[in-house]
Amino acid sequence: MVDLRNSRPSPEHQQRLELAAGIDVEVELDPEDLHPSVPLKKVPAGDLFEAARAGDCGRLALLLEAGANVNERDRWDSVALYYACLAGHADAARMLLEAGAVCAERTFDGDRCHYAALNLRLRRLLRAYEARPPPLPPLHAALRSTFLACPANRAAFLEMLQWSAGSEAAALAAAAAAGFGPTDNASSTSPFPPDITFYVDGKPIEAHRAILCARSSFFRQKFKTDWKTRKEVRFSSQKLSFGALYSLIHFFYSDRLEVDVDDMENLARACKVCKCVELQKILDKEVVHQRYAQHKAVRQEDLDSSQKRFILHGQSLPEEDRLPSALQRILEECLANSREQDCHNDEPNEMSRDSGVDDAADLYIKVCDKVFQCHQVILASRSEYFKTRLSRNMDFVEAKSWLQATDNLPFLEEHDLSTEAFENVLEYMYTDKLENMDPSQAEELFDIASRYLLFPLKRAVADILLPYLEHVSPAELCHWLMLSDIYDVVKIREYCLDVIACNFEMFADTREFRALLLTLPPPSGDDSLRTTRPSAPGTAGNTDQGNLLDDLREKWLEAEAAELDERDESAKLFDNRLEMLMLVAEQEINEDDA
Amino acid sequence: MTPSRHYRIQSYCFNGVPMDAATAAGNCKAVTDAIRDIYAQEDMGSLVFEELYRCAYNLVLHGQGELLYTEMEKAMAAEVEGIRGSLSAVADDSGEFLQELLSKWHLHTKAVAAIRDIVKYMDRMFVVANGKASVHDLGVKIWRDSVVCSGDVMPRLVEAVRRERPAAEEPAGDVMAGVDKMLAELGDEVHRGVMDASSADE
């Protein structure tokens, strides 16, 4: 007898599995850790620090959701993670770490967390997250890998990792290097080529103008004037160090600053020049702090001060100084400059140039009759489709229209999509946000997201679509189920299946549902093992996921079926019901034809 | 400048009916024709990337990935077979054979890269989900099995390498370096096999 209940792990269990798989290092939490002997105190009005200290995960989640900065220090120089570690709340600590709390052992805050950790399990948790930090948001991750894919940056990055981590974590460096996935395989992805190279102390840093301009008015000014035609810029000033500029530019791409403590003063000066006011303020404060923080370090003997680092996440800065806002600004300029048709005439171009707005756009994309100005580096970083198309444009027929625009900028044409949808896609590519989406566009956006290989967009659309689905008719829900199955949008697919399984009789009465059954590949074979047997590769339908009807049966069994050995009978019952419905559907079609 | 060819991108609207065989075959043909063109002419002047990408994308999206994959494999194999035929017409003497082999190899790798870009959606989704060989690997495999390791190329290659092989201390010439690189890419086994065979009875 097969106990079918085991074939589907509970969501909770699944989540834990995913977590364990995600960080790779086994950090099992004993049930005892989860339910301490002393009941946890709730702190309904507490701030982040109080909630962490009390281990009140509900409150913590609320605060983090509301956008609290997890890396903030209180007046005793402590971060929330420190209190969670000190009090031994593994759950709270994990929550903070997931939210991006700094835990690197060689930072001031991370060091204190390690020192204060109640037990070894907490320390292991800290190490696990240092080795495998939670993923960056898709926008940051994409731009960061574009930056690090440039050969010079990559080499510098690996060198720094090895140097700062020492022998202890040479493996970590290798893991981090492997973390860029396809970039290792040089044949499959070429980096998007940088258009400017800086040399400090003779060492190169490669970058893209569009990003630098978006983040700093200093670079914007320079690229408009002195450096307009330059391919490389050499700095010989003693006041600028390689490490400082490298970490600043890395920060521009990823909103994550990691710098040697020794380079901090230097970096603060660079920020002043680049007019990154808020970042400079934080750095100035931190320089002072570090000066007096020495005596608080735990193991000074083996922690050479030159190896100490300072890590800052974008969330410590005000909203308008973060990456998405910066890109939002250039996107707005781009959209304002994007015109209706007539792009080939010189006139509008002249106008946009005269107006003095310089968004440094380096790509025109024509959709329907509107021409959008965009930035190659952002599109190429976000979408592999555009990366390929931009690198191929000389080979394929586009080469002919390449120079049509007056200022020799590349000009692509995208067919068969609406301008509204493309505007949404642009917004998402620049800012990770999707604000003006109408549910009626969801279908088109799913298609674009798949085609452009911009998979995170599907999740974003699904999040907006879900509340809307609560009010649609059964017939429409069938449509969405079909779509989500084709475009592989797990969230919507699961939701539709759940609703259908729980209201099966209502759907059985819906004509659209019966018609849908006919178009689906039939559920897999008859034996009782079918639910645990993986479907053979190469069978009909989308093979990268389960059979839709099989999954529906699972859901239905979960909701309706009897226990244990009677479960198989329930399954048979369900199959018979499906067959009957299909017969009805066939009849209906025949009647229509007659 | 020639007026740009008028073309229409066919969008495949989903209406609950799986893609019919005729449409699927048509899309497939567009891709295989493009593969032929890519091998035939290096500038690919008549191909429209967006159109081809869309064809391949629609096929995979509607469960025809298997069809596309096998058709693509067949088309690539046929082209490579043609290359092998043309190689047998090249004279054996001097370095001409190696040079020709190398230039065809470069043509092939360039073509495979272009094909991979066209069927990128398949390469990312279908190939991964079904554990097939990626387009790049497939290109290498076809070249290895039907050119380098084939009955009529292998002996000539070994012979040519033996003749051209530099003396122990000398740096290798351009052609030899290229051949070395190609063999290395085809895998250790082939590389070692050729090198061993060519130095066996010296």
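The rules behind the values
- Residues numbered from 1 in each chain as written.
- Chains lettered and ligands numbered in written order.
- Predicted model: local features only at pLDDT ≥ 70, side-chain atom pairs only at ≥ 80, totals over all residues.
- Heavy atoms only, no water.
- Helix = DSSP H or I, 4+ residues; strand = E, 2+ residues; numbered from the N terminus.
- Buried < 20%, exposed > 50% of the residue type's maximum accessible area, 1.4 Å probe, protein only.
- Contact = heavy atoms within 4.5 Å.
- Axes fitted to C-alpha atoms, helices over the stretch in contact; angles between N-to-C directions.
- Parallel < 35°, antiparallel > 145°, perpendicular 65-115°, else oblique.
- Left-handed = near helix turned anticlockwise from the far one by under 90°.
- Nonpolar A, V, L, I, M, F, W, Y, C, P; charged D, E, K, R; others polar.
- Phe/Tyr/Trp six-rings, centres within 6.5 Å; stacked < 30°, edge-to-face > 60°.
- Lys NZ or Arg CZ within 6 Å of the ring centre and 35° of its normal.
- Salt bridge = Lys/Arg side-chain N within 4 Å of Asp/Glu carboxyl O.
- Domains from an automatic or database assignment.
- Pairing = 2+ DSSP bridges.
- UniProt positions renumbered as here; feature names shortened; annotations may be inferred.
- Disulfide = S-S within 2.5 Å.
- Polar contact = N/O pair within 3.5 Å; in protein donor to acceptor, adjacent residues only side chain to side chain.
- pLDDT = per-residue confidence, 0-100.

Colleague: When you look at the overall build of chain B in this model, what are you seeing that I'm missing?
Modeller: Looking only at helices and strands, one finds 10 helices and zero strands in chain B. In chain B, the succession of helices and strands from N to C terminus is α-α-α-α-α-α-α-α-α-α. A total of 202 residues make up chain B; the buried ones form 44% of that total. Taking contacts inside chain B between residues at least 6 apart in sequence as the whole, the part at least 24 apart equals 77%.

Colleague: In this structure, what is going on with the packing of helix α23 (residues 455-469) of chain A against helix α25 (residues 490-502) of chain A? I would like to understand it.
Modeller: Packed helices, taken two at a time, are described by the angle their axes make and the gap between the axes. All names here are of chain A. Contact geometry for α23 and α25: axes closest at 9 Å, N-to-C directions at 20 degrees. By the angle between their axes, α23 is roughly parallel relative to α25. Crossing hand, α23 versus α25: right-handed. From α23, A462, D463, L465, L466 and L469 reach across to α25, where they touch K491, I492 and Y495. The residue makeup of the contact of α23 with α25, split by class, is six nonpolar, no polar and two charged.

Colleague: How should I be thinking about the packing of aromatic side chains in this particular structure?
Modeller: Aromatic ring pairs are reported here in terms of the distance separating the ring centres and the angle at which the planes meet. Residues and elements named next belong to chain A. Enumeration over the complete set of coordinates arrives at 31 aromatic pairs over all chains. Taking 5.9 Å as the distance between ring centres and 90 degrees as the angle between the ring planes, the aromatic pair formed by F504 and F513 counts as edge-to-face. Exposure class is identical for F504 and F513. Each is buried. Taking 5.9 Å as the distance between ring centres and 70 degrees as the angle between the ring planes, the aromatic pair formed by F507 and F513 counts as edge-to-face. The pair formed by F507 and F513 is uniform in burial state, with each residue classed as buried. Counting every residue linked through ring pairs, the aromatic cluster contains F198, F218, F219, F223, W227, F235, F251 and F252. If you follow R53 out to its NZ or CZ, it ends over the ring of Y83, 5.1 Å from the centre. For the cation-ring pair, R112 lies above Y82, with the distance from its terminal atom to the ring centre recorded as 4.4 Å.

Colleague: How do you make sense of the pattern of salt bridges when you look at a structure like this?
Modeller: Side chains that differ in sign of charge can pair as their charged atoms come close. Residues and elements named next belong to chain A. Scanning all chains against the criterion turns up 37 salt bridges over all chains. E258 serves as the salt-bridge partner of R256, at 3.2 Å between the closest nitrogen and oxygen. R493 serves as the salt-bridge partner of D551, at 3.0 Å between the closest nitrogen and oxygen. Taken together, the positions of D551 in helix α28 (residues 548-560) and R493 in helix α25 put the pair 58 residues apart, joining distant regions of the chain. This pair shows no difference in class: D551 is buried, exactly as R493 is.

Colleague: Sorry, what's going on with the domain arrangement of chain A here?
Modeller: The figure often quoted for interface size is the accessible area lost as the parts come together. Taken domain by domain, chain A comprises domain 1 (48-135), domain 2 (140-178 + 191-295 + 307-318), domain 3 (324-341 + 358-438) and domain 4 (485-530 + 545-593). The centre of domain 1 of chain A, based on its C-alpha atoms, is set 26 Å off from the matching centre of domain 2 of chain A.

Colleague: Could you clarify how one ought to interpret the sheet that holds strand β3 (residues 232-235) of chain A in this entry?
Modeller: Note: strands within a sheet are paired through backbone hydrogen bonds, in either parallel or antiparallel orientation. Residues and elements named next belong to chain A. As summarised here, the arrangement of the three strands in space is β2-β1-β3, forming an open sheet in which the pairing is mixed. Each end of this open sheet is capped by a strand with a single partner; those strands are β2 (203-207) and β3. Neighbouring strand axes in the sheet, compared pairwise and without regard to direction, differ in orientation by 20 degrees on average. When strand β1 (residues 196-200) meets β2, the two strands line up antiparallel, connected through five bridges. Bridge pairing links I196 to A207 in β2.

Colleague: Sorry, what's going on with the UniProt feature "domain: BTB" (unreviewed entry) in chain A here?
Modeller: As recorded in UniProt, the sites labelled "domain: BTB" (unreviewed entry) are residues 194-261 and 361-438 of chain A. In residues 194-261 of chain A, helix accounts for 41% and strand for 28%; the two terminal C-alpha atoms are 28 Å from one another.

Colleague: What am I meant to see in the state of the cysteines here?
Modeller: Each disulfide is one covalent bond, formed between the sulfur atoms of two cysteines. Residue and element names in this part refer to chain A. Counted under the stated rule, the structure contains zero disulfides over all chains. Here C478 is not cross-linked by a disulfide; its sulfur's nearest cysteine counterpart is in C496, at 8.4 Å. Unpaired in this structure, C502 has its nearest cysteine sulfur neighbour in C496, at a distance of 12 Å.

Colleague: Hey, could you run me through the side chain of S78(A) in this one?
Modeller: All names here are of chain A. Structurally, S78 is set in the loop between α4 (57-65) and α5 (80-87). At a separation of 3.1 Å, a polar atom in the side chain of S78 contacts the side chain of R112. Beyond its immediate sequence surroundings of up to four residues, S78 is in contact with F49, E72, R73, Y83 and R112.

Colleague: Teacher, can you tell me more about the confidence of the model for chain B here?
Modeller: Close inspection of predicted coordinates is inappropriate in any region flagged by low pLDDT. All names here are of chain B. In this model, chain B carries an average pLDDT of 79, and 83% of its residues clear a pLDDT of 70 or more. Within chain B, helix α5 (residues 120-124) carries the highest mean pLDDT (90), whereas helix α10 (residues 188-200) carries the lowest (79). Here residues 1-16 is a poorly scored stretch, pLDDT under 50, and it has 28 contacts once near neighbours within four places are set aside; other chains count. Reported confidences for the modelled complex are a pTM of 0.79 and an ipTM of 0.83.

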